Amino acid sequence: MLDLATVKVHLRVDGDEEDALIAGYIEAATAHVEQHCDRKLVETDPVEPEQMGLTGDVKQAVLLLVGHWYANREAVAVGGLTAVPLAVDRLLWYRKRF
């Protein structure tokens with residue numbers, strides 16, 4: 001989906017020592033978006049109702065998740081609850097199937 005080079009620019013990472021770690025975050029963030037929206041991400045135009053295109057807002061949500069997990073390698077607790085960044089929920093809100 002998102003290529004490693006694009007994500008590394010977002011993270012401001014120059015070296016390749018953490019490529020495997022970042023690739024794992026990309027895979028996990030993509031899976032999170034798919035599960036959150038109850039749709040399968042596709043790089044082409046969606047054909048089926050259970051598909052969702054990899055649009056700019058969806059890419060940004062994946063980047064935000066990867067950036068959050070890269071910077072915070074442990075759970076972040078806000079008011080006793082574990083949370084993902086609010087921007088991710090907002091970016092994906094209209095893509096979610098109810």
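Above this text is the structure in question.
Notes on the structure in this doc start here.

Scoring rules and cut-offs
Residues numbered from 1 in each chain as written. Predicted model: local features only at pLDDT ≥ 70, side-chain atom pairs only at ≥ 80, totals over all residues. Heavy atoms only, no water. Helix = DSSP H or I, 4+ residues; strand = E, 2+ residues; numbered from the N terminus. Buried < 20%, exposed > 50% of the residue type's maximum accessible area, 1.4 Å probe, protein only. Contact = heavy atoms within 4.5 Å. Areas by Shrake-Rupley, 256 points an atom, 1.4 Å probe, with all protein chains shown as cover. Arc of directions from axis to C-beta. Core = buried A, V, L, I, M, F, W, Y, C linked by side-chain atoms within 4.5 Å. Phe/Tyr/Trp six-rings, centres within 6.5 Å; stacked < 30°, edge-to-face > 60°. Lys NZ or Arg CZ within 6 Å of the ring centre and 35° of its normal. Polar contact = N/O pair within 3.5 Å; in protein donor to acceptor, adjacent residues only side chain to side chain. Axes fitted to C-alpha atoms, helices over the stretch in contact; angles between N-to-C directions. Parallel < 35°, antiparallel > 145°, perpendicular 65-115°, else oblique. Nonpolar A, V, L, I, M, F, W, Y, C, P; charged D, E, K, R; others polar. Patch = residues over 30% accessible without salt bridge, like charges linked within 9 Å, V, L, I, M, F, W, Y side chains within 5 Å. Salt bridge = Lys/Arg side-chain N within 4 Å of Asp/Glu carboxyl O.

What follows deals with the overall build of the chain. Looking only at helices and strands, the chain has four helices and four strands in total. Beginning at the N terminus, the succession of helices and strands in the chain can be written as α-α-β-β-α-β-β-α. Out of the 98 residues in the chain, the part that is buried amounts to 31%. Contacts in the chain between residues at least 24 apart in sequence constitute 57% of all its contacts with a sequence separation of at least 6. If you sum the accessible surface of the chain, you get close to 6,200 Å²; carbon and sulfur atoms cover 53% of it.

With that settled, consider helix α1 (residues 4–11). Within α1, the full set of buried residues consists of Val7, Lys8 and Leu11. Along the axis of α1, the buried positions cluster into a sector of 100 degrees, meaning they face one direction only.

A separate point is the environment of threonine 30. Its place among the elements puts threonine 30 in helix α2 (residues 19–37). For the pair threonine 30 and leucine 65, spaced 35 residues apart in sequence, the C-alpha to C-alpha distance is 9.0 Å. Ignoring any residue separated from it by four or fewer positions in sequence, one finds threonine 30 in contact with Met1, Leu41 and Val62.

Time to look at the nonpolar core. Val7, Leu11, Ile22, Val33, Val58, Val66 and Leu92 are the most contacted members of the largest nonpolar core, which has 22 residues in total. Those elements that provide at least two residues to this core are α1, α2, α3 (56–71) and α4 (86–92). Among the elements that line this core, the one with the most residues is α3, at seven residues. Among residues more than four places away in sequence, those in contact with leucine 11 are Ile22, Val66, Gly67 and Tyr70.

The next thing to look at is the packing of aromatic side chains. Tallying each qualifying case throughout the model produces zero aromatic pairs. Geometry around tyrosine 70 places arginine 73 over its ring, the cationic atom sitting 4.7 Å from the centre.

It is worth spelling out the side chain of aspartate 19 at this point. Locating aspartate 19 in the fold gives a position in helix α2. In this structure the side chain of aspartate 19 is engaged in a polar contact, spanning 2.8 Å, whose partner is the side chain of lysine 8. The contact partners of aspartate 19, leaving out residues within four places of it in the chain, are Leu4 and Lys8.

Moving on, we get to the packing of α1 against α2. Contact pair α1 / α2: the axes reach a minimum separation of 10 Å and the direction vectors enclose 100 degrees. When the interaxial angle is binned, α1 and α2 end up roughly perpendicular. Every residue of α2 that contacts α1 at Leu4, Val7, Lys8 and Leu11 is listed here: Asp19, Ile22, Ala23 and Ile26. A class-by-class count of the residues in the contact of α1 with α2 yields six nonpolar, no polar and two charged.

Next up on the list: a nonpolar patch on the surface. A cluster of nonpolar side chains, contributed by Trp93, Tyr94 and Phe98, occupies part of the molecular surface with about 480 Å² of accessible area. Looking at the secondary structure, you find phenylalanine 98 in the segment after α4.

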